[in-house]
Amino acid sequence: MLVLLILHLVAALSAPLLVRRWGPRACLLLALAPAATFGWAVAHTGAVRDGGAVVETYPWIAELHLDVALRVTTLSWLMLLLVGGVGALVLVYSARYFHAGSAGLARFAAVMVAFAGAMLGLVVSDDLLLLYVFWELTTVFSYLLIGHSTERRSSRWAAAQALTVTTLGGLAMLVGFLLLGHHVGSYRWSVVTAAPLPGGGYLAVAVLLVLTGALAKSAVFPFNSWLPVAMAAPTPVSAYLHAAAMVKAGVFLVGLLGPALAPAGPWRPVTVVAGLVTLVAGGWAALRQTDLKLLLAYGTVSQLGLLTVVLGAGTPKAALAGVAMLLAHALFKAALFLVVGILDHSAGSRDLRDLSGVGRTAPVLTTVAALAAASMAGLPPLFGFVAKEAVLGAFTGRPVVLAVLVVGSALTAAYSIRFLWGAFGSRPGVPVTDVERPPAAMLVPPAVLAVAGLAAGPAAGWLGSLLRPYAELFGPVEEKLALWHGPTAALGLSAVVLAGGVVLHLARGPLAPALTRLRSPVGGNEGYEWVTHRFDRFAIEVTGATQRGALPQYLGTVLVVLVLVPGGAMLATRPWRAEIAVWDSPTQLVVCVVIGVAALLAVGARRRLTAMLLVGVTGYGTAMMFVLYGAPDLALTQFLVETATIAVFVLVLRRLPERFSARPLRRSRWVRRGIGVAAGLVMAGLALAAAGARRTPSISAAFPDLAVAHGYGRNVVNVTLVDIRAWDTMGEISVLVVTATGVASLIFERSRTGPRPRRPGPVRSRRDRRTVWLRGGTMLAEGRRSIVFEVVTRLIFHTVLLFSLFLLFSGHNAPGGGFSGGLVASLALTLRYLAGGRYELAEAAPVGAGTVLGAGLAVSVGGGVLGLLLTGRVLESVKVDLWLPLVGHFYLVTSLFFDIGVYLIVVGLMLDILRSLGAEVDRHVEAAGEPARGLAVQREGEAPR
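Predicted, not measured: the structure shown is a model, and the values here were computed from it. (Residues numbered from 1 in each chain as written. Predicted model: local features only at pLDDT ≥ 70, side-chain atom pairs only at ≥ 80, totals over all residues. Heavy atoms only, no water.)

Student: Is there a simple way to explain the overall build of the chain in this structure?
Tutor: For the chain, the count of helices and strands is 38 helices and four strands. When its C-alpha atoms are laid out on the principal axes, the chain stretches across 105 × 70 × 70 Å. A total of 945 residues make up the chain; the buried ones form 48% of that total. Across the chain, every contact between residues at least 6 apart in sequence was considered, and the portion connecting residues at least 24 apart equals 78%. Accessible surface, the chain: about 43,500 Å² in total, of which carbon and sulfur atoms supply 67%. Mean positive and mean negative side-chain charge positions of the chain (75 and 47 charges, respectively) differ by 6 Å. (Helix = DSSP H or I, 4+ residues; strand = E, 2+ residues; numbered from the N terminus. Buried < 20%, exposed > 50% of the residue type's maximum accessible area, 1.4 Å probe, protein only. Contact = heavy atoms within 4.5 Å. Areas by Shrake-Rupley, 256 points an atom, 1.4 Å probe, with all protein chains shown as cover. Lys, Arg positive; Asp, Glu negative; His and termini not counted. Charge placed at Lys NZ, Arg CZ, Asp CG, Glu CD.)

Given below as structure tokens:
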């Protein structure tokens, strides 16, 4: 099963290349992926025939006890046949449905195969959390497929509605899964069913939440509005997602959980009532439709309601009838959707008011449609009749439910006749519709499905023996599927259903006013639009009330909530230990006083630069605390980060007024001080509570030994970053790359990879160039130049760079590393920029920041791949012993390459900041004709700029 999932993944990734090469014909090759699923299911028929299961388990996330647990039983085996078989036929159909050059064909093919893979994963998942992962993947892929025609607003709206409804239902279902799994102690469904379930309100809440997700996915009342709107999707999508796959996920979940949860209080009332309402409402709405695709869509809604009733009833007879109807519905409804697609292609319309005489001009297509529609109506000897009779027989002891089922089935027969009459009948006054002969690739898939429905009728007994193990989960099964049971009550009801369908169709003229008037006062779409509009309005009101454009107000609100909620809970429970050492030495107290005084003064500072420097003092004080606690590596990093932060602040402050505005008033400044002090005390209390809450030894206690034994280094901090927790570091440096790109995109008006600024004027000779201290400095205004600063920068620049390399290469055994070294190199570049402006920065780093970032990420990933090649594990360190003359024996560790990548990424990030907040802002100033200046000065009485 895992191989099948990988096959679908590979097919989806290669689909755009295949479509680019072969056009729509690539769908024929891609159909092999779902066909392999169908073949696998057929090959394992014997394993599930007698109630057995095919199980595969692969370790995944050990910390969460989450494995890739796959399990196929009777119900999932049936779904595999439908997902694989119908999926393969739909892709074959798509090879001629789309034409060469169709917009978005590559995307369609890739997403279609990916959706088939997601449905495969959904039906074989034994772990509820894994099932939820595939559940949401089907939601995302269906969103992309429904919104295939991106240029049409109706497609985008339909996709968004389907995504919203099914996602909200899926989130509710996830909470239900968590409740069930938490009670049992496992999320394996095979384990949950074997364990005693909770009782009372706990189980009722879990059941209601799970059913919310199932009903939303299968468009059952009250979530039935999204499916008809989703008919904006191409016909192959409707045939697969809305007849055989996605909408079956909800009823599949009902069938999967039914054996365990059917005895729960709300299960049967919810499934039966919601299903019956959907059955009747969908069938009644289908009779009003003139668009054949919409007629089938409302018919699908009606049939999904029927499936929900039968699979949710929780009895052996109903369970057997439910899986039979599940199979029958997929066969006839997918075939009918594909027939509508052929009509739309060949006749140019799917409006039954425009079609006439198609039955005479397209006899083969008419035969295929007649077989499928007859199965939908429940005519013998098709399998739809067998399933419908089994459904009616399963509820003979429940008269109210049976009566509603008969009415809903009569409506089904009526709209089946309406479909055949509207698509292929002849109407007076309407010219005969010219129908082009459909290609074989389009006609064969619906024909195969229709013939399968015909063949399955006489083979009902054999199919029933295959489906019987599922029904036995509910108890002993006395009934069998058969084409003929003799003169039974169910047979008589089937005749009543067919007669009622004929009467409803014949009375369509007099019935038209009733069809028009008798409808819900608020339609599903109107209700959805009203709800979304109210949410939008509420969001606007909340935004208008809270988003006032004042950053201090936002931050103050966050901090006040922090103080009141976690702080109040902490004061009520007092979770910290009784004995607390205030300090270990008086020096720590002095540093704490300095930090506190600087923080209080920063709140009252009126000048921005003063406030920034005072905040910097708090950062340097924190670094001193690291020194006093014996953490030189952390102290070095903190010093460097604080220095780099101050440099960035200087770049930003150039474009801001020198002073804060006249506000806040004195009283508000004291309020801010109070909030700050309270937030600081709460954070200190939370830190103490976290430290005292530990119940098991810290995993970091083993890091010193691991650093030497496996990382081959004595600097525990650096070895942790590049070896022990290298995956964390990989994620962090990836975030740094994204951050750099975001910063640049906010500032640059053009591509940041464009040419670097060069000093204008004639090119000097090499001898003349060597006589200039900083060549970019000559381009600055005289008021901005500092000869002393330029000379000092020139003298120490190379030394600082060498020191950064020393930190890089020595960081494995001494304080340093790629991050610290990169920060030192970044500060060297900052000096060059501050001394000589943007022209000097271009001289110092004549390479694009994006190139440096990309190279760093590539080197880090390459270091991980190197570990994989040498040890079989990604990011595993390998020690390489070397010897050189005059140097002697030494060794290198492969994690050094990872550290080099970190070094380059930090340098690239700082270079991007310097060029965006520095050089690019300078260019904007020059382009605007403003005078070059350092920090903006706000004159007395001048309005803030």
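Anyway, onward from the coordinates.
Student: Can you help me understand the pattern of salt bridges in this one?
Tutor: If charged atoms from side chains of opposite charge come close, those side chains can pair. Throughout the structure, instances matching the rule amount to eight salt bridges. With a shortest N-O distance of 2.1 Å, Arg-607 and Glu-658 are connected by a salt bridge. With a gap of 51 residues between them, Arg-607 in the loop between α27 (586–604) and α28 (608–628) and Glu-658 in the loop between α29 (632–653) and α30 (666–692) connect regions that are remote in the sequence. The exposure class of Arg-607 is partly exposed, given its relative accessible area of 32%. Since its relative accessible area comes to 24%, Glu-658 is described here as partly exposed. Salt-bridge contacts for Arg-725 lead to Asp-728; the nearest nitrogen and oxygen are separated by 2.5 Å. Of the residues examined, Arg-725 reaches a relative accessible area of 36% and is grouped as partly exposed. (Salt bridge = Lys/Arg side-chain N within 4 Å of Asp/Glu carboxyl O.)

Student: Mind showing me how you'd approach the nonpolar core here?
Tutor: In globular proteins that are soluble, nonpolar side chains generally tend to be buried together. Grouped together as the largest cluster of nonpolar side chains are 196 residues, with contacts concentrated most on Tyr-240, Leu-253, Phe-383, Phe-395 and Leu-405. Beyond its immediate stretch of four places on either side in the chain, Leu-253 contacts Leu-131, Trp-135, Met-173, Phe-177, Val-210 and Ala-214. Grouped together as the second largest cluster of nonpolar side chains are 38 residues, Val-648, Val-737, Ala-828 and Tyr-833 included. (Core = buried A, V, L, I, M, F, W, Y, C linked by side-chain atoms within 4.5 Å.)

Student: I would appreciate a short explanation of the pairing of strand β4 (residues 888–893) in the present structure.
Tutor: Taken residue by residue, a regular strand's side chains alternate between the two faces of the sheet. Here strand β3 (residues 879–884) runs beside β4; their pairing, made up of six bridges, is antiparallel. Across the sheet, residue Val-880 finds its bridge partner in β4, namely Leu-892. Between β3 and β4, which pair antiparallel one after the other, the connecting turn spans three residues, and Leu-886 there sits at a positive phi close to 70°. (Pairing = 2+ DSSP bridges.)

Student: Help me out: how do you make sense of the environment of Ala-194 in this one?
Tutor: Relative to the helices and strands, Ala-194 resides in helix α9 (residues 189–194). Judged by its relative accessible area of 67%, Ala-194 is exposed. Expressed as a C-alpha distance, the spacing of Ala-194 and Ala-260, which sit 66 residues apart in the sequence, is 8.7 Å.

Student: For this particular structure, what's the right way to read the side chain of Thr-308?
Tutor: Position of Thr-308 relative to the elements: it lies in helix α15 (residues 292–312). Within the structure, Thr-308 has its side chain in polar contact with the backbone oxygen of Leu-304 (distance 2.8 Å). Those residues within four positions of Thr-308 in sequence are excluded, and the remaining contacts are Leu-215, Val-220, Val-251, Thr-271 and Gly-275. (Polar contact = N/O pair within 3.5 Å; in protein donor to acceptor, adjacent residues only side chain to side chain.)

Student: Before we go on, may I ask you to explain the packing of α15 against helix α16 (residues 316–347) in this structure?
Tutor: How two helices sit against one another is set out by the angle between their axes and by the gap between those axes. Contact geometry for α15 and α16: axes closest at 10 Å, N-to-C directions at 170°. Put simply, α15 runs roughly antiparallel to α16. Here the contact of α15 with α16 is built from residues that sort into 18 nonpolar, five polar and two charged. (Axes fitted to C-alpha atoms, helices over the stretch in contact; angles between N-to-C directions. Parallel < 35°, antiparallel > 145°, perpendicular 65-115°, else oblique. Nonpolar A, V, L, I, M, F, W, Y, C, P; charged D, E, K, R; others polar.)

Student: Sorry if this is basic, but what is going on with the packing of helix α20 (residues 399–424) against helix α23 (residues 489–506) here?
Tutor: One way to put it is that α20 packs onto α23 with a least axis distance of 7 Å and a crossing angle of 50°. Classed by the angle they form, the pair α20 and α23 counts as oblique. When you trace α20 past α23, the crossing you get is right-handed. Taking contact as the criterion, the partners of Leu-402, Val-406, Ser-409, Ala-410, Leu-411, Ala-413, Ala-414, Ile-417, Arg-418 and Trp-421 in α20 are, on α23, Leu-493, Val-496, Val-497, Gly-500, Gly-501, Val-502, Leu-504 and His-505. (Left-handed = near helix turned anticlockwise from the far one by under 90°.)

Student: Before we go on, may I ask you to explain the packing of aromatic side chains in this structure?
Tutor: The description of an aromatic ring pair uses the distance of the two centres, along with the angle that the planes make with each other. Applying the stated rule across the entire model yields seven aromatic pairs. A ring pair is formed by Tyr-93 and Tyr-97, whose centres lie 5.8 Å apart and whose planes are at 25°; its orientation type is stacked. Taken together, the residues Tyr-93 and Tyr-97, both in helix α5 (residues 74–97) and four residues apart, mark about one turn of the helix. Overall, Tyr-93 belongs to the buried group, its relative accessible area being 0%. Taking relative accessible area as the criterion, Tyr-97 reaches 13% and is therefore assigned buried. Their ring planes at 50° and their centres at 4.6 Å tell us that Phe-98 and Phe-108 sit as a pair that is tilted. With Phe-98 in the loop between α5 and α6 (105–124) and Phe-108 in helix α6, this pair connects stretches of sequence that are ten residues apart. The two residues Phe-98 and Phe-108 agree in class, both being buried. Among the aromatic residues, those joined into a ring-pair cluster are Tyr-93, Tyr-97, Phe-98 and Phe-108. (Phe/Tyr/Trp six-rings, centres within 6.5 Å; stacked < 30°, edge-to-face > 60°.)

Student: Explanation requested: the environment of Gly-867 in the structure shown.
Tutor: Topologically, Gly-867 is positioned in helix α37 (residues 849–871). In this structure Gly-867 comes out as buried when scored by relative accessible area, which is 0%. Between the C-alpha atoms of Gly-867 and Val-878, which are eleven residues apart in sequence, the distance is 6.9 Å.

Student: I tried to follow the confidence of the model for the chain on my own but got confused; where do I start?
Tutor: Caution applies to low-pLDDT parts of the model: their predicted coordinates are not meant to be read in detail. This prediction gives the chain a mean pLDDT of 85; 91% of its residues lie at or above 70. Per-residue pLDDT stays below 50 along residues 932–945; that stretch engages in 27 contacts with residues further than four places along the chain or on separate chains. (pLDDT = per-residue confidence, 0-100.)

Student: What is the right way to read α5 from this model?
Tutor: A turn of α-helix holds 3.6 residues, and therefore any two residues three or four places apart point the same way. The first and last C-alpha atoms of α5 sit 34 Å apart over 24 residues, in line with the 34 Å expected at 1.5 Å per residue. Among the 24 residues of α5, 22 are classified as buried, and the element is accordingly described as predominantly covered. (Expected span 1.5 Å × (residues − 1).)

Student: It is not clear to me how helix α21 (residues 440–456) should be interpreted in this structure. Could you clarify?
Tutor: The end-to-end C-alpha distance of α21 is 23 Å, a good match for the 24 Å that 17 residues give at a rise of 1.5 Å each. For α21, the complete set of buried residues consists of Met-442, Leu-443, Pro-445, Pro-446, Ala-447, Leu-449, Ala-450, Gly-453 and Ala-456. Contacts from the buried residues of α21 go to α5, α16, α18 (363–377), α19 (383–394) and α22 (460–471).

Student: Hey, could you run me through a nonpolar patch on the surface in this one?
Tutor: Together, Val-582, Trp-583, Leu-589, Val-593, Val-597 and Leu-601 give the surface a local cluster of nonpolar side chains, amounting to about 570 Å² of exposed area. Turning to its location among the elements, Leu-601 is positioned in helix α27. (Patch = residues over 30% accessible without salt bridge, like charges linked within 9 Å, V, L, I, M, F, W, Y side chains within 5 Å.)

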